[in-house]
Amino acid sequence: MNAVKAIFLKELRVEFRNKQMINSYLILSLMIIASFRFAFSIIDFSITELASPILWISFFFGGMFSLSPIYKREIEQGTKEGLLLTPISPSSIYFGKLFANLFIIFCLELFILLLFFVFFPVNIPDLFSLLCIIVISTIGITALGNLISAISSNLSQSEVMLPVLLVPVLLFTVIMSSVSVTSNVFAGANIFDVLDEVRLILAFDVVFIAVGYLLIDYILEE
Amino acid sequence: MLKNKLRILVSILAIIFILISVYFALIYTPPHEIMGDVQRIFYFHVASAWISYLAFGVTFFAGVMYLKSKDFKWDNIAFSSAEIGILFCTLGIITGSLWARPIWGVFWRWEDIKLFITFVLWLIFIAYLALRANAKSRTSKANLSAVFGIIGLICIPFSFGANRIWQQYHPTILVSSEGSLQPSMALSLIISVIAFTFLYIYILLVRVDIEKMKEEIDKLKQKVGG
Amino acid sequence: MPDKILVANNIKKSFGFLQVLNGVNLTINKGDKYILFGSNGVGKTTLIKILSTTLSADSGELKIFGKGIEKRSKEIKNKIGFMSHEPYLYSELSAWENLDFYANLYSIKNKKEKIGSLLKEVGLYHRSNDRVGSFSRGMKQRLSLARALIHSPDLIFLDEPYTGLDIKAQDILNNLINRLNQEGKTFFCITHDISSSFNIANRYGILSKGQIVYETEGVEKKIFSEKYIEILRRESF
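The paragraphs below set out a description of the structure included in this document. (Residues numbered from 1 in each chain as written. Chains lettered and ligands numbered in written order. Predicted model: local features only at pLDDT ≥ 70, side-chain atom pairs only at ≥ 80, totals over all residues. Heavy atoms only, no water.)

### Notes on the overall build of chain B
- Secondary structure summary: chain B contains 6 helices and 0 strands in total.
- Starting at the N terminus, the α and β elements of chain B follow one another as α-α-α-α-α-α.
- Structurally, chain B occupies a C-alpha span of about 70 × 45 × 25 Å along its principal axes.
- Excluding contacts between residues fewer than 6 apart, the proportion of contacts in chain B whose partners are at least 24 apart in sequence is 79%.
- Split by element, the accessible area of chain B, about 11400 Å² in all, is 73% carbon and sulfur.
- On chain B, the mean spot of the 21 positive side-chain charges and the mean spot of the 13 negative ones are 7 Å from each other. (Helix = DSSP H or I, 4+ residues; strand = E, 2+ residues; numbered from the N terminus. Contact = heavy atoms within 4.5 Å. Areas by Shrake-Rupley, 256 points an atom, 1.4 Å probe, with all protein chains shown as cover. Lys, Arg positive; Asp, Glu negative; His and termini not counted. Charge placed at Lys NZ, Arg CZ, Asp CG, Glu CD.)

Take a look at the structure:
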């Protein structure tokens, strides 16, 4: 537990002291939302119907870039072996990084959400339900995203390989479910109306946290 | 020696069953009452799709076995099976689209869960092959691809669920295209599935052998090099 | 009968087509200061990584403190320190934070005192709060030594410890090694450079073509140098 906390704090320190990195995440989020605004400025569309996919695709791409350096950094700085030298278990590395990643992605999503409301002024019947769903889905996305980031950090061309590996496993599972649920929320439902769907997303969270815990050993070892 | 004999046996069985299945699918079975002759592609389409699921299942299983045993033999099986899986999956998607066009009027329907899952599997295993192509060492190739194969297969039930949810919000009118499956058609289908399964086993055996030979060549090169 | 801390038997390792280690046999006893010499690319770093359990060998047997390393034992890791060629430091964190991070991973009690005294010992106490990114190569090297010693390991591996160190820093390192050695710690060091490191050790070996081809104790520097040069010459043919 101590090790998880130490890694969590270390990741946040490293991340937030790298000002260019945080700034570029924020700027990227702005660009993504602006691109969507551009794409939908030339056609008539109903914001309520398109809000949910736009929001989730922005979360996905914004979050993806913050997932990328979390393991790669250790390899580039040569600190991965230093971690493996210590008597901690690889799963504490996974959990420390997962929690740090969740924190960063939550901040980023909040920022994207604010930008989104500025560019796409949509009416939200139930903000609480919307936030709940975002939190629940983000846990699953990050749990699996973290694991995939650990895989891609060991590959050549890791910047390209991360999205290549992420899209099929995230987009057609948890993000697709979240898009459906969120459109329902935009259309006026609250979280209790979509409980069955939320359960599926929760199951995804639990399964992939367990998968990460079990498989991270095989990824980190040389 | 025994292995060679087994391979020859499987190849003979595959050829025989393929010939029989061609006869059954194209000549023996009567044309479908609603869909006509177009429906005949169905026998090969279902068989291809079945092989792709089987192949991906084998990849998953071999991946688990590799992580347990760390024996590259399992990794070779996983990789070979994934490659064959992609091939048959592509064939299945193409034949399915050819069938869908005259029957549904469109090549593809996103709301159809079978099409959707097949498409997701196809993407996952293309990513799987891309991962292997970019691995830095033999061990890391085997480790990482086994882990990704396992993740990929665990994702499938969630894709299933995601599609179900999606359908609830996008209700579509289902075109009934099933018709009744006559006993002769069922028989043709079973025969072509058996034929394709033998074909799969044969290709898998050959493919694994090729990987083994590649490894031996690497070893020999190493010896020569120093 | 000396206490055998580390026994390596017929260690082999290859990367792709390249056979790097070709059957290394090595025994390190308690209290040894063992230096292994070898030219660049001869497999020294690979060997030290295998011995320090950060890399696994293709074949061969390795026992540390009488135990096999297969089960990734926490006990062994707690007793090993490794000052690698890479410093294993985070450039965004300060010197103190780096040591504090590793102290947490080793779950060290009264870490404040420990970190403070180590920083003093490697002469970086006045730079405690500066980011490692601003450090020179030699300073990183010294901090890396402090990092390797944070959990008071019994067996310490040093990979080219003298590169980047000035004379003063070399003295700090040598004094530290001698003091810890008197406290019963064991050292295993690899380097290609005879001039700066020879006097510190009491056992010597030469690695050539993936094997330890020569081992000796307490010889004169001049005689050993001649032997080393002879082996290096033979290597190039």
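### Observations regarding the environment of Met65(B)
Residues and elements named next belong to chain B.
- In this structure, methionine 65 sits in helix α2 (residues 41–69).
- Separated by 24 residues in the primary sequence, methionine 65 and isoleucine 41 have C-alpha atoms spaced 36 Å apart.
- Among all residues touching methionine 65, those that are not within four sequence positions of it are Lys70 and Trp74.

### Quick look at the interface of chain B and chain A
- Each partner contributes to the interface: chain B provides 31 residues, whereas chain A provides 32 residues.
- A buried area of about 2900 Å², summed over both sides, lies between chain B and chain A, and 78% of it is on carbon and sulfur atoms.
- Here chain B is connected to chain A by 0 salt bridges.
- Inspection of the region where chain B meets chain A yields 2 residue pairs in polar contact (both at pLDDT 80 or more).
- Elements with a contribution of two residues or more to the side of chain B that touches chain A: α4 (113–133) and α5 (138–169) of chain B. (Buried area = accessible area lost by both parts, 1.4 Å probe. Salt bridge = Lys/Arg side-chain N within 4 Å of Asp/Glu carboxyl O. Polar contact = N/O pair within 3.5 Å; in protein donor to acceptor, adjacent residues only side chain to side chain.)

### Observations concerning the pattern of salt bridges
- Inspection of every chain in the model, using the stated rule, returns 30 salt bridges over all chains.
- Linking Arg17(A) and Glu97(C) is a salt bridge whose minimum nitrogen-to-oxygen distance equals 2.7 Å. Here Glu97(C) lies in helix α3 (residues 95–105) and Arg17(A) lies in helix α1 (residues 2–17), a pairing that spans two chains.
- Look at Arg17(A) and you get partly exposed, because its relative accessible area is 25%.
- A salt bridge links Arg138(B) to Asp75(B), with the nearest nitrogen and oxygen atoms 2.8 Å apart. (Buried < 20%, exposed > 50% of the residue type's maximum accessible area, 1.4 Å probe, protein only.)

### Remarks on the nonpolar core
- Membership of the largest hydrophobic core comes to 190 residues, with the highest contact counts inside it found for Phe148(B), Ile151(B), Leu6(C) and Phe188(C).
- Ranked by residue count, the leading element in this core is helix α8 (residues 158–186) of chain A, at 14 residues.
- Not counting residues up to four positions away in its chain, the partners in contact with Phe148(B) are Ile148(A), Ile151(A), Leu165(A), Val169(A), Ile124(B), Ala127(B), Tyr128(B) and Leu131(B). (Core = buried A, V, L, I, M, F, W, Y, C linked by side-chain atoms within 4.5 Å.)

### Comments concerning the pairing of strand β4 (residues 59–64) of chain C
Residues and elements named next belong to chain C.
- Alignment of strand β1 (residues 4–15) against β4, held across 5 bridges, turns out to be antiparallel. Residue pairing for β4: valine 7 is matched across the bridge by lysine 63.
- Inspection of the sheet shows β4 paired to strand β5 (residues 67–68) by 2 bridges, in the antiparallel sense. Along β5, the bridge assignment pairs lysine 63 with glycine 68.
- Two successive antiparallel strands, β4 and β5, enclose a turn made up of 2 residues, where phenylalanine 65 displays a positive phi of approximately 50°. (Pairing = 2+ DSSP bridges.)

### Focus on helix α2 (residues 19–39) of chain A
All names here are of chain A.
- Between its terminal C-alpha atoms α2 stretches 30 Å, which fits the 30 Å expected from 21 residues at 1.5 Å a residue.
- Among the residues making up α2, those that are buried are Met21, Ile22, Tyr25, Ser29, Ile32, Ile33 and Phe36. Buried residues along α2 cover an arc of 115° about the axis, so they all sit on one side. Looking at α2, the residues exposed on the side facing more than 90 degrees away from the buried face are Lys19, Gln20 and Phe38.
- Along its buried surface, α2 packs onto α1, α3 (47–67), α4 (69–76) and α6 (90–119). (Expected span 1.5 Å × (residues − 1). Arc of directions from axis to C-beta.)

Keep in mind these numbers describe shape, not what the thing actually does.
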